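Survey of secondary and tertiary structure
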Amino acid sequence: MSGSAPGRRGWRSLSEALLVTAGAGYLGAQLWHTWKDRNRWPLCSYNMFNRTLPSRFPQPRVTLHDPAGSQELLPVYGLLPLEFFRVVSIMAEVFLVNGDEEIKRRFAERVLRRLNTRPWPAFDEVHASHRPLGPAGFHGLDLYAVTLDLDDYDPRTDRPLHQPELLFSYRRPDVPQA
Amino acid sequence: MFRRLDQFLFHQPDPRRQAAAIRMNLVAVISLTVAKLPPGDFFEEHRDTVAALAGDEQRRMLTAKEYETLRATTVASLAAWGATGRRAAGLTAAAQFARLSQHVTTLHPKLWSYNSHLNVFLAVLGALDTSSDLALGRRAGRPSDPRLQSLAIAFMQLYVGMLYFQSAVSKLKYGGVSWLSTGRTLRAATALTGTGLGHRLYERKELFRYISIATVALEVLFLPLLLVGKPDRRLVALAAAGFHIGAAATTKIPFWHLWTLYPTLFWLPERRERGRRAA
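Throughout what follows, the structure given in this document is the object of discussion.

**Quick look at the sheet that holds strand β2 (residues 69-75) of chain A**
Residues and elements named next belong to chain A. Read across the open sheet, the 4 strands follow the order β2-β1-β3-β4; overall the sheet is antiparallel. Strands at the two margins of the open sheet, each flanked by one partner only, are β2 and β4 (162-171). Pairwise comparison of adjacent strand axes, ignoring direction, gives a mean angle of 20 degrees for this sheet. Note: strand β3 (residues 140-149) against β4, 7 bridges, orientation antiparallel.

See the structure below:
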């Protein structure tokens, strides 16, 4: 079955040894990235959920406004057509780490425009986009940091959410505000 | 022990047939992954934000048109590879899919890319000629040495085993014993991304300790059990697939692009052996 050709055995052994070394090296490099808790595509540390969360921990939330009403303190997952864990990190990068107000404003404007014009369904770890209550679409968003306490949190109602702190606010300039 | 390792690496049962089956499996999984990637205009509209945050205004990113063209041609190459098993098609598809995946990660390069195993598997298997089975124009092909096909299969199996092992190491090193003893991380994940069933289980705080311990136990044991071969690898992979299906039923974290490869990666060889004995 292996069909080995005795005459070429030495050459084959060397190439096979190189391939085995390369494979072991790749897996070893991945394990090293796990040890260092670092990712560098395509090397992956598989460090998902690797921290012990405290009972109370912060969460980003968004309130979306449209003329038909407001949807209060929604998860941010439905703001971008990306896996939920990427969305959280990108929001933190844009609204917490970055200090440039123009970048924040521009980003928020584009997020709302896509929600209004190009909604997307859920797939895999991408959550479905938040949908406006009326046909006019969203005209504003408020981004908050809230605290979630596992001892009193009810996931069926997504409440209570403690200590909401407003991080950023955006309103579309072309829509008159009430 | 050396003999067992040699058997595992170079003498997987019926490697040509299995490599061809994995090829078809990969084509299906990667095609769906590519079809479900975010649209090209999404990346384009945030291009300047990405560049500004990275402090690299000259950063070269694909335009929406280039990205969509690449997406379409990647699926075409995958289809050609699936149909023929030829190396040129496999390596072309691997290069295209790598560029696409790399483009997606530019939005946040430090984040783990949870499906890069697909890039690695496609590159490894695509570098071989698997045209001896399940392929059109088989006579024109020059199938790779079965020992190399076996080695590729073994590498992919070991990759899966190492993936679970890495997950366990990461939890134990950075979460510590409290990760297991409190069960809070998995409970919080169920709270935030849970399904209806997950939300009902959320009430049972104690349960998450046991789930956490069982999770790490599976992740630690998968690799050694795979190498030892006892219990049967099929059972070990079945347990892992069951773990993912359980996770998908309780949270919105299906990890489908990994365990949907198990039918050809772990369960096929013995079936073929049985079929041959019966013939």
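**A word on the packing of aromatic side chains**
Applying the stated criterion to the full structure yields 16 aromatic pairs over all chains. With centroids separated by 5.5 Å and ring planes inclined at 75 degrees, the aromatic side chains of Phe85(A) and Tyr114(B) adopt a geometry described as edge-to-face. In this pair, Phe85(A) is assigned in helix α2 (residues 84-97) and Tyr114(B) in the loop between α6 (87-105) and α7 (116-126), connecting two distinct chains. Using a relative accessible area of 13% as the deciding quantity, one classes Phe85(A) as buried. In this structure Tyr114(B) comes out as buried when scored by relative accessible area, which is 2%.

**Quick look at the layout of surface pockets**
The calculated volume of the second largest pocket comes to roughly 540 Å³. Forming the boundary of the second largest pocket are 21 residues, of which Leu19(A), Ala22(A), Gly23(A), Leu151(B) and Phe155(B) lie nearest the centre. Secondary structure elements with two or more residues in the lining of the second largest pocket: α1 (9-36) of chain A together with α1 (2-10), α7 and α8 (146-175) of chain B. Per-element tally for the lining of the second largest pocket: the top contributor is α1(A), with 7 residues.

**Examining empty space enclosed by the protein**
As enumerated under the stated definition, the model contains 1 cavity of 30 Å³ or more in all. Taken as a whole, the largest cavity holds about 240 Å³ of empty space. Around the largest cavity sit 20 residues that line it, and Glu83(A), Thr33(B), Leu37(B), Tyr114(B) and Asn115(B) are the ones nearest its centre. Elements with a minimum of two residues in the lining of the largest cavity: α6 and α14 (256-259) of chain B. The dominant element in the lining of the largest cavity, judged by the number of residues it contributes, is α6(B), at 4 residues.

**Let's talk about the interface of chain B and chain A**
Listed per partner, the contact involves 74 residues of chain B and 63 residues of chain A. Surface buried jointly by chain B and chain A totals about 6800 Å² across both partners, of which 64% is contributed by carbon and sulfur atoms. Taken together, the connections running from chain B to chain A amount to 9 salt bridges. Between Arg147(B) and Glu16(A) there is a salt bridge, with the nearest N and O atoms lying 2.8 Å from each other. Counting every contact that joins chain B to chain A gives 28 residue pairs in polar contact (both at pLDDT 80 or more). Of the residues contributing to the side of chain B that touches chain A, the split by class is 37 nonpolar, 22 polar and 15 charged.

**Considerations on the pairing of β2(A)**
Residues and elements named next belong to chain A. As defined by bridge partners, strand β1 (residues 56-66) adjoins β2 across 5 bridges and the pair is classed as antiparallel. Within the sheet, the bridge partner assigned to Asp66 lies in β2 and is Gly69. Turn length for the β1-β2 hairpin, with the two strands adjacent in sequence and antiparallel, is 2 residues.

Cut-offs and rules
Residues numbered from 1 in each chain as written. Chains lettered and ligands numbered in written order. Predicted model: local features only at pLDDT ≥ 70, side-chain atom pairs only at ≥ 80, totals over all residues. Heavy atoms only, no water. Pairing = 2+ DSSP bridges. Helix = DSSP H or I, 4+ residues; strand = E, 2+ residues; numbered from the N terminus. Axes fitted to C-alpha atoms, helices over the stretch in contact; angles between N-to-C directions. Phe/Tyr/Trp six-rings, centres within 6.5 Å; stacked < 30°, edge-to-face > 60°. Buried < 20%, exposed > 50% of the residue type's maximum accessible area, 1.4 Å probe, protein only. 1 Å grid on protein atoms, 1.4 Å probe; cavity = no way out; pocket = protein on both sides within 12 Å on 5 of 7 lines; lining within 4 Å. Points joined across faces, edges and corners; volume = space filled by probe spheres on them. Contact = heavy atoms within 4.5 Å. Buried area = accessible area lost by both parts, 1.4 Å probe. Salt bridge = Lys/Arg side-chain N within 4 Å of Asp/Glu carboxyl O. Polar contact = N/O pair within 3.5 Å; in protein donor to acceptor, adjacent residues only side chain to side chain. Nonpolar A, V, L, I, M, F, W, Y, C, P; charged D, E, K, R; others polar.

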